[in-house]
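# Architecture and fold: a report
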Amino acid sequence: YYAPTLPEGEADALVTLSDAQGNTRDLVYVGNGQYQQLVTAEAGRIYVMEVDWNGTVYRAESLLRPAVDIGDVELQFVEANPRFDEGYTIRFTLQDPPEEDNYYRVYHSLNGVPQRDPDDLIISDDRLINGGTGRITLFQKLFSSGDTIFLEMAHIDQAAYDYFNSISDTISAVGGPGVATAAPANPETNWSNGALGYFMALSVDSETVVIP
């Protein structure tokens, strides 16, 4: 999974998306190993993706949780220190739904550019805040006056959280990019038949923040 090059995409797979209510849609190949389809999804449903390739069927499912709103966004100015220049940190609140386990992933773009470095993988669960108010911080990231940050908070299911958590554990174990170690184990997956990766249905709330 952690090979330095991406696998070549396949154009001749049969990819379907279905739900427990019997709705099924075929995804259309659009090039570069990507398949797409416009689907109207409903929170609370389990969605199933099947990929039939060369006679082998790979299957994964994911529960679509309802969106959880981004609450108050807080900026804090941090003076320059030996590790960082001066700048602003960002954190925000969320109101966690009670009586169930919840899992989140945060994405963000900086001045229109998606941020995808290892330090930008931010995931959280509600073990310490179940039903209460949580706070999520964009760690190890300082922003400057005039920056525009587009925040997205995804409400994900446990299988997706376990996948991203195993990725995070690997990043921590090897000490970040460029550190030579033994080959890490493959991340956890919700696919059958030994396929790698993940299938995820997710709902998202977003917020745009402009640093004054």
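A brief report on the enclosed structure follows. (Residues numbered from 1 in each chain as written. Predicted model: local features only at pLDDT ≥ 70, side-chain atom pairs only at ≥ 80, totals over all residues. Heavy atoms only, no water.)

## Here we look at the pattern of salt bridges
For the record, the criterion: Should a side-chain nitrogen of Lys or Arg be within 4 Å of a carboxyl oxygen of Asp or Glu, the pair is scored as a salt bridge. Between buried and exposed lies partly exposed: a residue is buried under 20% and exposed over 50% of the maximum accessible area for its type, with that area taken using a 1.4 Å probe on protein chains only.
With the rule as written, the count across this model stands at seven salt bridges. In this structure, E61 engages R59 in a salt bridge whose closest nitrogen and oxygen atoms are separated by 3.4 Å. Relative accessible area serves as the criterion here: at 35%, R59 is assigned to the partly exposed category. D125 serves as the salt-bridge partner of R127, at 2.9 Å between the closest nitrogen and oxygen. We classify D125 as buried; its relative accessible area is 16%. In the salt-bridge network here, residues are joined through shared partners; they are D19, E42 and R45.

## Examining the sheet that holds strand β7 (residues 70–78)
To be explicit about the condition: Note on pairing: DSSP must find at least two bridges between two strands before they are called paired. Helix numbering and strand numbering both begin at the N terminus, where a helix is a DSSP run of H or I of at least 4 residues and a strand a DSSP run of E of at least 2. All axes are obtained by fitting lines to C-alpha atoms, using only the stretch in contact for helices, and the reported angles, taken between N-to-C directions, cover 0 to 180 degrees.
Ordered in space as β7-β8-β12, the three strands form an open sheet in which the pairing is antiparallel. Strands with a single pairing partner mark the edges of an open sheet, and in this sheet they are β7 and β12 (133–137). Looking at each pair of strands side by side, their axes are set apart by 25° on average, direction ignored. Bridging between β7 and strand β8 (residues 87–95) involves seven bridges; their strand directions are antiparallel. Bridging across to β8, V78 finds its partner in G87.

## Focus on the packing of aromatic side chains
Going by this rule: Here a Phe, Tyr or Trp ring, Trp counted by its six-membered ring, pairs with any other such ring whose centre lies within 6.5 Å, and the pair is stacked when the planes are under 30 degrees apart, edge-to-face when over 60, and tilted otherwise.
Under the counting rule described, the total for this entry stands at six aromatic pairs. Ring geometry for F77 and Y88: centres 5.3 Å apart, planes at 65°, overall edge-to-face. Linking F77 in strand β7 with Y88 in strand β8, this pair joins segments that are 11 residues apart in sequence. F77 sits in the partly exposed class, given a relative accessible area of 41%. Judged by centre distance (4.5 Å) and plane angle (40°), the rings of Y163 and Y198 are tilted. With Y163 in helix α1 (residues 158–174) and Y198 in the loop between α1 and β14 (203–210), this pair connects stretches of sequence that are 35 residues apart. You can call Y163 buried: its relative accessible area is 4%. Members of the aromatic cluster, each reached through a chain of ring pairs, are Y163, F164 and Y198.

## Describing the nonpolar core
What counts, and what does not: Buried Ala, Val, Leu, Ile, Met, Phe, Trp, Tyr and Cys residues that are joined via side-chain atoms within 4.5 Å together make up what is termed a nonpolar core. Working rule for contacts: check all heavy atoms of both residues, and any pair within 4.5 Å makes them a contact.
With 18 residues, the main nonpolar core has I149, L151 and M153 as its most contacted residues. Every element with two or more residues in this core is listed here: β8, β9 (103–110) and β13 (148–156). Considering every element that reaches this core, the biggest residue donor is β8, with four residues. Apart from residues lying up to four places away in sequence, I149 is in contact with I90, H108, S109, L110, F143, E207, T208, V209 and I211. Core analysis: the second largest hydrophobic core is formed by 15 residues, L17, M49, A60 and W191 among them.

## A closer look at the sheet that holds strand β2 (residues 24–26)
Reading across the sheet, the four strands line up as β2-β1-β5-β6 and stay open at both edges, with antiparallel pairing between neighbours. The strands lining the two open edges of the sheet, one partner per strand, are β2 and β6 (56–63). Averaged over all adjacent pairs, the angle separating strand axes in this sheet is 20°, with direction ignored. For strand β1 (residues 14–19) and strand β5 (residues 46–53), the ladder comprises six bridges, and the chain directions are antiparallel. Looking at the pairing, V15 lines up with V51 of β5.

## Quick word on unusual backbone geometry
Positive phi, close to 50°, is recorded for N111, a residue that is not glycine. Here N111 shows up in the loop between β9 and β10 (113–114). When its relative accessible area of 45% is taken as the criterion, N111 is described as partly exposed. The phi dihedral of N193 falls on the positive side, at around 60°, and the residue is not glycine. Within the secondary structure layout, N193 lies in the loop between α1 and β14.

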